[in-house]
Amino acid sequence: MKATAVARSNIALAKYWGKRDVPGNVPATPSLSVTLAGLSTRTTVAFDERGTDDVFVLGGVEVTGEPRARVIAVLDEVRRLAGVAHRARVDSANDFPTASGLASSASGFAALVHAAAAAAGVELSLAATSRMARRASASAARSVRGGFVSLGTGQDEADDPAAEVVAPETHWDLSVVVAAVTLDPKGTSSTTGMRHCRDTSPYYSAWLADAPKVFAEVRRAVLARDLEALGVAAEASALRMHACMMASAPALLYFQAATMTLLSEVRALRARGVGAWATIDAGPHVKVLVARADEARVAAALAPHAARVIVAHPGPGVELA
Ligand code: PMV
């Protein structure tokens, strides 16, 4: 009863920020992301009838507390479907900095659900895999699928949405230049940040009202392979999300000084005629959308201001290794 799965991280071009007031971790905004080859998690799950407790090892270090509890919640759901009570050992490794806003929970939970189901002999469709991943981390629902992927808010899907492929990874040879500002773990988790925004930001309702429009623009631009339209809409989605966070009380500020420097650098590149647009998640890192032909030039321009630069491309959904 052992299986290994690999899943890639994803970057939201239209952001999910906020949860609906229904059970099951359902987003309040529709999101659209690109799954990224080059930022992956490999997870092995082994169920053992002689095991006495669930063990979660990440990057060779045993993890306890809240992160382990979230892993156990997934294992419990799989055990219930399989009708087994065996404890499990979960061994996971990222090939990029963990919990730094490079979306390790997305690839992590997508790989975990897929490996755990396979290890327990539970047949799950990709939609069912995506729904189970969503309950653990909504962005993980998107990493189950490859290419350009959307996740709805569920109103007309029995409040249990699964991610859907908008276009496969072969649709568009886009590059995402990830400029990691620091390799330290992030400060405020997305769940805590979303709750704080909902409870205290005067811009939260404006964010919710605007997000579906930006989502539609992002979707249109992806289908048309229009980099400028995508860049403008993706930057708007990220900056409006951060405006909502910054308006919270006390302010939720994920930006660091280097974040602003990188944003200025992206603007300077554009002023010089290079098509480059930025997006930023719940962390200080800047991810830049560019045409494949410009990726080396943009990576070189960002490198002096970043702790690490990773160039990523559209990649496949979760798979068994
Ligand atoms: O699914 P979570 O809890 O990792 O939240 C993801 C939130 C953002 O990364 C900021 C946006 C997104 O859509 O991925």
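Notes on the structure follow. Keep in mind the model is a prediction, meaning the values are calculated, not measured.

Criteria and cut-off values
Just so you know, the residues in each chain are numbered from 1, in the order the chain's sequence is written. The predicted origin of the model limits local features to residues at a pLDDT of at least 70 and limits the giving and counting of side-chain atom pairs to 80 or more, whereas totals for whole chains, interfaces and linings rest on all residues. The side-chain numbers reported here are obtained from all heavy atoms of the structure, hydrogens and water having been left aside. Between rings of Phe, Tyr and Trp, where Trp is taken as its six-membered ring, a pair exists when centres lie within 6.5 Å; planes separated by under 30 degrees are stacked, by over 60 edge-to-face, and by other angles tilted. For the purposes of this entry, the term helix denotes a DSSP run of H or I that reaches at least four residues, the term strand denotes a run of E that reaches at least two, and both are numbered from the N terminus. Partly exposed describes any residue whose relative accessible area lies between the buried limit of under 20% and the exposed limit of over 50%, with all areas from a 1.4 Å probe on protein chains only and scaled to the type maximum. We call a residue near a given molecule or strand whenever any one of its heavy atoms falls within 4 Å of it. Here a polar contact is taken to be a pair of N or O atoms separated by no more than 3.5 Å, where protein atoms must pair a possible hydrogen donor with a possible acceptor and residues adjacent in sequence count only if both atoms sit in side chains. Areas reported as accessible are Shrake-Rupley estimates using a 1.4 Å probe. Residue values count occlusion only from the protein chains shown. Under the scheme applied here, ten amino acids are nonpolar (Ala, Val, Leu, Ile, Met, Phe, Trp, Tyr, Cys and Pro), four are charged (Asp, Glu, Lys and Arg), and all others, including Gly, are polar. Here, axes are lines fitted to C-alpha atoms. For helices the fit covers the stretch in contact, and angles between N-to-C directions go from 0 to 180 degrees. Orientation labels follow simple angle bins: below 35 degrees gives roughly parallel, above 145 gives roughly antiparallel, 65 to 115 gives roughly perpendicular, and whatever is left gives oblique. Definitions for this section: a left-handed crossing has its near helix turned counterclockwise from the far helix by less than a right angle. A right-handed crossing has that turn clockwise. Contacts were defined at the residue level, with two residues in contact if any of their heavy atoms lie within 4.5 Å. An expected span of 1.5 Å times one less than the residue number is assigned to each helix. Working definition of a nonpolar core: buried Ala, Val, Leu, Ile, Met, Phe, Trp, Tyr and Cys residues. They are joined through side-chain atoms within 4.5 Å.

### Quick word on the packing of aromatic side chains
Step number 1: Under the definition given, this model contains one aromatic pair.
Step number 2: Where F148 meets W172, the ring centres are 6.2 Å apart and the plane angle is 25°; that geometry is what we call stacked. Residue F148 is located in strand β6 (residues 148-151), and its partner W172 is located in the loop between β7 (164-167) and β8 (174-180); the two are separated by 24 residues in the primary sequence. For the pair F148 and W172, a shared accessibility class is recorded, and that class is buried.

### Some thoughts on the site of the ligand
Step number 1: Contacts to the ligand come from 14 residues, most closely from Y16, S137, S139, R142 and S190.
Step number 2: At a separation of 3.1 Å, an oxygen atom of the ligand approaches a polar side-chain atom of S137.
Step number 3: Surface burial for the ligand is 92%, taken as the share of its 390 Å² of free accessible area covered by protein chains.
Step number 4: Those elements that place two or more of their residues in the shell around the ligand are α4 (138-143) and α5 (190-200).
Step number 5: Per-element accounting of the shell around the ligand gives the leading share, three residues, to α4.
Step number 6: Looking at side-chain class alone, the shell around the ligand contains seven nonpolar, four polar and three charged residues.

### Here we look at the packing of helix α1 (residues 65-82) against helix α2 (residues 104-120)
Step number 1: Packing of α1 against α2 leaves a shortest axis separation of 10 Å and a crossing angle of 30°. When the interaxial angle is binned, α1 and α2 end up roughly parallel. Seen along the crossing, α1 lies across α2 with a hand that is right-handed. In this structure, α1 contributes R70, V71, V74, L75, V78 and A82 to the contact, and α2 contributes F109, L112, V113, A116, A117 and A120.
Step number 2: Its residues assigned to classes, the contact of α1 with α2 shows eleven nonpolar, no polar and one charged.

### Observations concerning α1
Step number 1: Over its 18 residues, α1 runs 25 Å from end to end, which matches the ideal 26 Å to within 8%, given 1.5 Å per residue.
Step number 2: Buried residues of α1: R68, V71, I72, V74, L75, E77, V78 and R79, and no others.
Step number 3: Those residues of α1 that are buried are in contact with β2 (31-48), β3 (55-58), β5 (87-94), α2 and α3 (126-136).

### Structural notes on the environment of T170
Step number 1: Relative to the helices and strands, T170 resides in the loop between β7 and β8.
Step number 2: The exposure class of T170 is exposed, given its relative accessible area of 73%.
Step number 3: Remark: the alpha-carbon pair of T170 and H313, spanning 143 residues in sequence, is separated by 10 Å.

### Some words on the nonpolar core
Step number 1: With 30 residues, the main nonpolar core has V45, F47 and L75 as its most contacted residues.
Step number 2: Where this core is concerned, the elements lending two or more residues are β1 (2-14), β2, α1, β5, α2 and α3.
Step number 3: Ignoring any residue separated from it by four or fewer positions in sequence, one finds F47 in contact with M1, L75, V78, R79, H86, R87, A88, A116, A119 and A120.
Step number 4: Listed in part, the 28 residues of the second largest apolar core include A167, V214, F215 and A312.

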